[in-house]
Each structure stands twice: as C-alpha cells, then as structure tokens.
Amino acid sequence: MTTTTTPNIEGRQIAQYLGIVTGEAIIGANMFRDIFASIRDLVGGRSGSYEKVLASARKVALGEMEEEARSLGADAVVGVDLDYEVLGAQNGMLMVTASGTAVKLG
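Described below are features of the structure shown in this document.

Thresholds applied
Residues numbered from 1 in each chain as written. Predicted model: local features only at pLDDT ≥ 70, side-chain atom pairs only at ≥ 80, totals over all residues. Heavy atoms only, no water. Helix = DSSP H or I, 4+ residues; strand = E, 2+ residues; numbered from the N terminus. Buried < 20%, exposed > 50% of the residue type's maximum accessible area, 1.4 Å probe, protein only. Contact = heavy atoms within 4.5 Å. Areas by Shrake-Rupley, 256 points an atom, 1.4 Å probe, with all protein chains shown as cover. Salt bridge = Lys/Arg side-chain N within 4 Å of Asp/Glu carboxyl O. Pairing = 2+ DSSP bridges. Core = buried A, V, L, I, M, F, W, Y, C linked by side-chain atoms within 4.5 Å. Polar contact = N/O pair within 3.5 Å; in protein donor to acceptor, adjacent residues only side chain to side chain.

1. Focus: the overall build of the protein chain
The secondary structure content of the protein chain amounts to two helices and six strands. Start at the N end of the protein chain and walk to the C end: the helices and strands fall as β-β-α-β-β-α-β-β. Relative to its full complement of 106 residues, the protein chain shows a buried share of 30%. Sequence separation of at least 24 residues holds for 76% of the intrachain contacts in the protein chain that already meet a minimum separation of 6. Accessible area of the protein chain: about 6600 Å², with a carbon and sulfur share of 51%.

2. Some thoughts on the pattern of salt bridges
If you walk through the whole model with that rule in mind, you get two salt bridges. As a salt-bridge pair, Lys-104 and Asp-75 come within 3.9 Å of each other at their nearest N and O atoms. Taken together, the residues span a long stretch of sequence, with Lys-104 in strand β6 (residues 93-105) and Asp-75 in the loop between α2 (48-71) and β5 (76-87) at a distance of 29 residues.

3. Comments concerning the sheet that holds β6
Read across the open sheet, the four strands follow the order β1-β5-β6-β2; overall the sheet is mixed. What marks the edges here is a single partner per strand, and that holds for β1 (2-3) and β2 (14-27).

4. Digging into the nonpolar core
Residues Val-21, Ile-27, Met-65, Ala-69 and Val-77 are the most contacted members of the largest nonpolar core, which totals 16 residues. Listed by contribution, the elements that provide at least two residues to this core are β2, α2, β5 and β6. If one sorts the elements of this core by residue count, α2 sits on top with six residues. Not counting residues within four places of it along the chain, the set of residues in contact with Ala-69 comprises Met-1, Val-21, Ala-74, Val-77 and Ala-102. Ranked by size, the runner-up nonpolar core spans six residues in total, among them Ile-9, Ala-76, Val-78 and Leu-105.

5. Looking at the environment of Val-80
Here Val-80 lies in strand β5. For the pair Val-80 and Val-21, spaced 59 residues apart in sequence, the C-alpha to C-alpha distance is 9.3 Å. Setting aside residues up to four positions removed in sequence, Val-80 forms contacts with Thr-3, Thr-4, Thr-5, Leu-62, Met-65, Ser-99 and Gly-100.

6. Comments concerning the environment of Val-60
Among the structural elements, Val-60 can be located in helix α2. With relative accessibility at 40%, the residue Val-60 sits in the partly exposed group. The spatial distance from the C-alpha of Val-60 to the C-alpha of Thr-97 is 9.4 Å, given a sequence separation of 37 residues.

7. Describing the side chain of Thr-4
Tracing the backbone through its elements, the reader meets Thr-4 in the loop between β1 and β2. Reaching out from Thr-4, the side chain makes a polar contact with the side chain of Thr-6 at a distance of 2.8 Å. Ignoring sequence-local partners within four residues, the contact set of Thr-4 consists of Ile-9, Val-77, Val-78, Gly-79 and Val-80.

The structure is reproduced here in structure tokens:
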C-alpha cells in the first residue's frame, strides 16, 4: 500500500476517491513513567527509548489507517497527516492519529 503526505502519486492517476481513513494509537501514563524511570540513554537532550515508543505508536496508527483503506479496496492513501495530542486529566496519555484519503489508482 502506497502511503504519502502528498495529494497525489507522481506517475499514477487517481481513479476513485474512497473516503477518509484514520488510525489511532494511545500511549498510557504508565509507559511514560517507565520510560522516564529507565532513561539511561539520554544523550544531548534526546531519549532513544522515548523516540522508539513514539515511533512504535506512529507505526500502529499508520498501520490501522492502511488496514481501513484496504478494507475499502484502496490501492493507496494520499494526503496523510500525523497528529500528536496529549490526553487525560493530568496529561498522562499521548495519542498519535494518522488520517488520509483512501484512493483507487488507475
């Protein structure tokens, strides 16, 4: 499945727009506490552990979005947008959302 942030795919024609598709992943507070408690790889203000968790959440969100597109018969998702939001009463959760438009290519 081709997934892109651009509104089209170079060299391919969009034959049909199938609708908006989304995917979400939420990282809970316990995971944040565990990450911060075990940060031993903090170098130059970056945390490899934290970045791995965010990358994993992004991968889950994109995967869910692509799966929804497949269920519609899509060949690709265009115009993909990734958003990161803090949730919860004490901002103890992070949500990663992926959204785009499922399309059938010609």
